[in-house]
Amino acid sequence: MVIATLFILLFALMFVGVPVAVALGATTLITSFFFTDFDLMGIPSTVFDGLNKYTLMAIPMFILAGSLLSRGSSAGRIIEFAKTLVGHLPGGLPIAAILASIIFAAVSGSSPATVAAIGSVMYTAIKQAGYNEQFAIGTIATSGSLGILIPPSIVFIVYGVTADQSIGKLFMAGVIPGLAIGAMMMVATYILAKRSGFKGTKKATLKEQFIAFKNSFWALLIIVIVIGGIYGGIFTPTEAGAFSVMYAFFVSFFIYKDTKYKDLYRIILDSAQTSSMIFFIIANAILFAHFLTDEQIPQHITQMIIEANVGPLMFLLIVNILLLLMGQFMEPSSVVMITVPLLLPIGMALGIDPIHLGVIMVVNMEIGMITPPVGLNLFVASGITGLSLKEVIVASLPMTAVLLLGLILVTYIPVISLWLPNFMYG
């Protein structure tokens, strides 16, 4: 009765348009008040203890660093460098957009920020090169979703805190899947462009490549510093977030000199609003997860699944279907916070590595960012291009299929996710 009431009420509230964070908190309070002896007086301390974690401080740091870099010319410099590498191929400019998205994802850690930064520059360039609008925006909207898979990833931080797993291992686990899915997108773009009759352009000389690299060097260096610093043991992910803010500020204001002090207020305000939204969701999800644990709901569901003789392969299929459905309606951090307390104990009981499960979750959330009705990347892409939401959705379908193929590979070939963290951490 408690389980049924909890989830029926949760999805009913979200169905009528109640914000996810409010729905989580209201569902927990109503169910606990009427059906359990859950300690309501202990709620403030439960939420405070859940938020009072050193690792969570990395989230606003990486958001602010991404805002500082995306507001200036860093994205444009990265794009120019990517164009010198792959711009000569059939479909070269869309492929360059994918490559630039992969690089910028490792700078911003945010999917919408990647779509906005890369799309605002590349969309017009791809159109001017003779590609149709659908080809241009479909590539940009979907490749931008790599922002939550390639480290540093805010969603990985949320998963790591919720599942009590190493953020460093999770970051490293996202590298190979992110690069592999990005490469699959490039191959698909190349094939589609060749079939459509698009020709390659003149190949950039080594000198042109070097000049583009030199111009983008300071923007690219943040990837080496942040990721290398974490895995080299120089600083923790949280310290890396703080360092990335200082570095992004230094690059934007003193090296590229394309951001003015008058822009700083708006940059900080936008970052604070985004961070506040994420932390409000986390706070209510912490309460929801604590209630689940207190009522031993994950244990009951785990026992039911084990008694039903559901094997690891079938469980992972169920997980993917559930996450794909939830990802269509909810923000990634919300889905992670809700589902981890339920799915992680079952997965571990079936012998599934928690790091592997985290990567599966994040790839599902990538797909959720480009599927209606609430795929955030779709709205960002629509806003920067002026195309209708329907046009963006249709344009994204070919690359969405590539992402689904990537999800299948990541789900059923664990070594793709686990080799690098196992190699680095033993």
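Quick caveat: nothing in here was measured; it's all calculated off a predicted structure. (Residues numbered from 1 in each chain as written. Predicted model: local features only at pLDDT ≥ 70, side-chain atom pairs only at ≥ 80, totals over all residues. Heavy atoms only, no water.)

*Asks:* So what about the pattern of salt bridges? Which residues, and what values?
*Replies:* Inspection of every chain in the model, using the stated rule, returns two salt bridges. In this structure, Glu80 engages Lys83 in a salt bridge whose closest nitrogen and oxygen atoms are separated by 3.3 Å. Here Glu80 and its partner Lys83 are both found in helix α5 (residues 74–86), three residues apart, which amounts to about one turn of the helix. Residue classification places Glu80 among the partly exposed positions, given a relative accessible area of 40%. Between Asp270 and Arg266 there is a salt bridge; the shortest N-O distance is 3.2 Å. Here Asp270 pairs with Arg266, and both are found in helix α14 (residues 261–294), just four residues apart, close to one helical turn. Exposure remark for Asp270: the relative accessible area of 26% places this residue in the partly exposed category. (Salt bridge = Lys/Arg side-chain N within 4 Å of Asp/Glu carboxyl O. Helix = DSSP H or I, 4+ residues; strand = E, 2+ residues; numbered from the N terminus. Buried < 20%, exposed > 50% of the residue type's maximum accessible area, 1.4 Å probe, protein only.)

*Asks:* Give a detailed account of the environment of Ser333, specifying residues and quantitative values.
*Replies:* Relative to the helices and strands, Ser333 is located in helix α17 (residues 332–349). Sequence spacing of Ser333 and Val155 is 178 residues, and the spatial spacing of their C-alpha atoms is 5.8 Å. Among residues more than four places away in sequence, those in contact with Ser333 are Val158 and Ile278. (Contact = heavy atoms within 4.5 Å.)

*Asks:* Can you tell me about the nonpolar core, naming the residues and giving the values?
*Replies:* Ile59, Met122, Tyr159 and Phe315 are the most contacted members of the largest nonpolar core, which totals 134 residues. When residues in this core are grouped by element, the largest group, twelve residues, is from helix α6 (residues 92–108). Setting aside anything within four residues of it in sequence, one finds Ile59 in contact with Ile154, Ile157, Val158, Ile278, Phe279 and Ile282. (Core = buried A, V, L, I, M, F, W, Y, C linked by side-chain atoms within 4.5 Å.)

*Asks:* Outline helix α2 (residues 20–35), supporting the account with residue identities and numerical values.
*Replies:* The terminal C-alpha atoms of α2, which comprises 16 residues, lie 22 Å apart, in line with the 22 Å expected from a rise of 1.5 Å per residue. For α2, the full list of buried residues reads Val20, Ala21, Ala23, Leu24, Gly25, Thr27, Thr28, Thr31 and Ser32. Close packing links the buried residues of α2 with α1 (2–15), α14 and α17. (Expected span 1.5 Å × (residues − 1).)

The values are spatial; any link to function lies outside them.
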